[in-house]
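So the chains spell out like this:
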Amino acid sequence: MTETEIKQIVDAQRNFFDTGATLNLEFRIHALKKIKAYIQTHETQINDAISKDLGKSAFESYMCESGLVLSEISYMLKHIRSLAKEKTVLTPLAQFHSRSFKKPSPYGVTLIMSPWNYPFLLTIDPLVDAIAAGNTAVIKPSAYSPHTSEVMKQMIETCFDKKYAALITGGRAENTCLLNEHFDYIFFTGSQAVGKEVMRHASEHLTPVTLELGGKSPCIVEKSANIKLAARRIVFGKFLNCGQTCVAPDYIFCDKEIKDRLVSEIKRQIGKQFKSAPLTNKNYGKIINEKHFDRIVGLIDRTKVVYGGKTNRSNLKIEPTIMDNVAFSDAVMQEEIFGPVLPILTFDSLDQAIRKINCMAHPLALYIFTSNKTTAKKVMETCRFGGGCINDTIIHLATSEMGFGGFGESGMGSYHGKDGFQTFSHYKSIVDKKTWLDLPMRYQPYRKMNNKLIHLFLK
């Protein structure tokens, strides 16, 4: 799409927003219901597209993508009226003859830029929040997941006029054109490198942003942990979507006393969940493209592989792979893995582990497996991260009742449910001052009596 065409879409959306049509709650509800109906009617088509891009099974596509979007829509339909209401707050004594309230208002024309690893979920989920809050949206999915992008484009064009919601396909040229436009809000999910570019462009117009990035999310396994259950849940979270999940456990940091038992149980769980030949397992996905395949393979140190390690470049598959005796200086620990490679590192004490994690870039997620409540509380309170789980992985993002987002290097802002509505809303602080009384003490000339009264009211 050309720069001129993109500008025309942005201008058309701004003109449409200025009509006030999206302020109407019934208009927003109708839009959400249209998306919901389309997903339910075209579930097979959506699943097939995701499978072509990432090799996901229909079960995984629904569980981790379209099903979660439907859940988010249901939440918004249930709560949108209460979320959109003005919220009355206490008024200071000095303004007792007033009403103070906060009024949620849409930003206006928003830009949603999404990644390829969960192409449907991470595109349509923020769109649902933006629509519920009363915005228009320009949507730019990743060029690396073209089949899912095409399905979403058909959905958006079927459900909406482009002056309300428009999906633009393409690559870097389109991204650059979009970022040069003036949006009222930008929502970006992707890498830290691109996130910096998004923020740099947004600063030209002082546009607020939400950045959902990534990082090396640690999985701490303390010696009191239920090893069998920990291994089972770690294998699920790590190798879901072939490891291409922003909140996947990037590495295991475990007590050295239980390391051998844990590695043995993880091996057993991989075999149980993916059988003896993962490369031919139809329910085990593939790497998105050759570029990322080669990058991940380059992180594997064959001398430290204790399980898996086989690859097939023809179908872009890499076995679930465990690397033991890994050090923080190894290549696999210098970047987010974003693939089915699981390094194992050990610590002598929990305090040592916490210090190490806190001196690294803040991760998007953190997981702790322990049977000790005091230990869990200590890790949750002292480590700095976006979100996480105690005795599980991944599942904290699968709810509309909690916000999901990063911290520091892993991003800023959050969404899902109420947090999503708030992300795409500006809250105006308003005082409705009554006219039947006008206290004279604030006006000049100031008198001693006024001084006493102001101290009375404001102390």
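Note: the structure precedes this text.
Analysis parameters
Residues numbered from 1 in each chain as written. Predicted model: local features only at pLDDT ≥ 70, side-chain atom pairs only at ≥ 80, totals over all residues. Heavy atoms only, no water. Pairing = 2+ DSSP bridges. Helix = DSSP H or I, 4+ residues; strand = E, 2+ residues; numbered from the N terminus. Axes fitted to C-alpha atoms, helices over the stretch in contact; angles between N-to-C directions. Contact = heavy atoms within 4.5 Å. Salt bridge = Lys/Arg side-chain N within 4 Å of Asp/Glu carboxyl O. Buried < 20%, exposed > 50% of the residue type's maximum accessible area, 1.4 Å probe, protein only.

### Some details on the sheet that holds strand β15 (residues 365-369)
Then, in step 1: Strand order across the open sheet formed by seven strands is β10-β13-β14-β9-β8-β15-β16, with mixed pairing between neighbours. The sheet terminates laterally at β10 (305-307) and β16 (387-390), the two strands that pair on one side only. Adjacent strand axes in the sheet meet at a mean angle of 25°, parallel and antiparallel pairs treated alike.
Then, in step 2: Note: strand β9 (residues 251-255) against strand β14 (residues 341-347), four bridges, orientation parallel. In the sheet register, F253 faces β14, and the bridge partner there is L345.
Then, in step 3: In this fold helix α9 (residues 227-239) packs onto β8 (218-221), β9, β13 (321-323), β14 and β15, with an angle of close to 140° to the strand it touches most, β14.

### Some remarks on the pattern of salt bridges
Then, in step 1: All told, the structure shown has 20 salt bridges when counted by the stated rule.
Then, in step 2: Between E26 and R81 there is a salt bridge whose closest N-O contact spans 2.5 Å. Of the two residues, E26 sits in helix α2 (residues 25-41) while R81 sits in helix α4 (residues 58-83), which places them 55 residues apart along the sequence.
Then, in step 3: Judged by relative accessible area, which is 45%, E26 ranks as partly exposed.
Then, in step 4: Put simply, K304 and D330 hold a salt bridge, and the shortest N to O gap is 2.6 Å. Taken together, the positions of K304 in the loop between α11 (290-299) and β10 and D330 in the loop between β13 and β14 put the pair 26 residues apart, joining distant regions of the chain.

### Considerations on the sheet that holds strand β20 (residues 425-433)
Then, in step 1: Taken in spatial order, the three strands of this open sheet run β1-β2-β20, and their pairing is antiparallel. The two strands at the open ends of the sheet, each matched to only one other strand, are β1 (87-89) and β20. Adjacent strand axes in the sheet meet at a mean angle of 30°, parallel and antiparallel pairs treated alike.
Then, in step 2: Across three bridges, β1 lies against strand β2 (residues 98-106) in antiparallel orientation. Along β2, the bridge assignment pairs V89 with S100.

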